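The chain contents come next:
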Amino acid sequence: MANLKTGEADDWIKSLIQESNKAKEFSYCPYSQLQVGSALLTEDGKIFSGCNVENACFYLGLCAERNAINKAVSEGYRKFKAIAVSSNLEDRVIPPCGACRQVIREFGDIPVFMTKVDGSYTMMTLEELLPLSWGAEYLEELDFPKTV
Ligand SMILES: O=c1ccn([C@H]2C[C@H](O)[C@@H](CO)O2)c(=O)[nH]1
Ligand SMILES: [Zn+2]
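No experiment lies behind these values; they were computed from the predicted model shown.

Below, the discussion takes up the overall build of the protein. Check the secondary structure of the protein and you find 5 helices and 6 strands. Helices (α) and strands (β) of the protein occur, in sequence order from the N terminus, as β-α-β-β-α-β-α-β-β-α-α. What you see for the protein is a C-alpha radius of gyration of 15 Å, in line with the 15 Å of a compact globule of 148 residues. Viewed in the frame of its principal axes, the protein has a C-alpha envelope of about 45 × 40 × 30 Å. Counting across all 148 residues of the protein, residues that qualify as buried make up 32%. Across the protein, contacts joining residues at least 24 apart in sequence account for 60% of those joining residues at least 6 apart.

Below, the discussion takes up the site of ligand 1. If you check the shell around ligand 1, you find 15 residues, and the closest are Ser-32, Val-36, Asn-52, Cys-63 and Ala-64. A breakdown of the residues in the shell around ligand 1 according to their chemical character gives 10 nonpolar, 3 polar and 2 charged.

The biggest cluster of nonpolar side chains holds 29 residues, and the ones touching the most others in it are Leu-40, Val-85, Val-112 and Phe-113. When residues of this core are traced back to their parent elements, those giving at least two are α1 (11–24), β2 (36–42), β3 (47–51), α2 (64–74), β4 (80–87), α3 (98–105), β5 (111–115) and β6 (121–125). Those residues in contact with Val-112, other than ones at most four positions away along the chain, are Ile-83, Val-85, Pro-96, Ile-104, Met-123, Met-124, Leu-126 and Leu-129.

What counts, and at which threshold
- Residues numbered from 1 in each chain as written.
- Chains lettered and ligands numbered in written order.
- Predicted model: local features only at pLDDT ≥ 70, side-chain atom pairs only at ≥ 80, totals over all residues.
- Helix = DSSP H or I, 4+ residues; strand = E, 2+ residues; numbered from the N terminus.
- Rg over C-alpha atoms; globule rule 2.2 N^0.38 Å.
- Buried ≥ 20, exposed ≤ 12 C-beta atoms within 10 Å, placed from the backbone.
- Contact = placed C-beta atoms within 7 Å.
- Near = placed C-beta within 6 Å.
- Nonpolar A, V, L, I, M, F, W, Y, C, P; charged D, E, K, R; others polar.
- Core = buried A, V, L, I, M, F, W, Y, C linked by C-beta atoms within 7 Å.

So, in structure tokens, the structure goes:
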């Protein structure tokens, strides 16, 4: 069974959640009306945020989490400590979709803070959200060329 943790947030968690809440204000979601924001904490304490960006060609929409990750990686950051996800849903936390879980997994087993509008959260590690996951080590076993 997954190890769920809920409760009062430490300061850094509060800041991360605050940033993900801010990010959702920029959400472009004319089709779902679901505003989602995400904030990603780098190893050296920087926070990158992102929102979901939808498209009239529905499947081209991108989630908040992957936008935050892609922004960070594009600016040279690859080591992350935690990620938060917020939305405008009144009474429930927002769990990352399967695609986002796999993309987070690429960069390590970090805690994922899934928040509600009142600032409370449920935390699960990426390993709990995506057990027995696929990753670079399998490619190495298959003798694929090493990544940079
Ligand atoms: O964790 C999640 C879940 C959903 N969405 C977005 C994708 C789409 O724009 C909208 C409805 O699925 O919510 C995210 O950005 N992150
Ligand atoms: Zn997603």
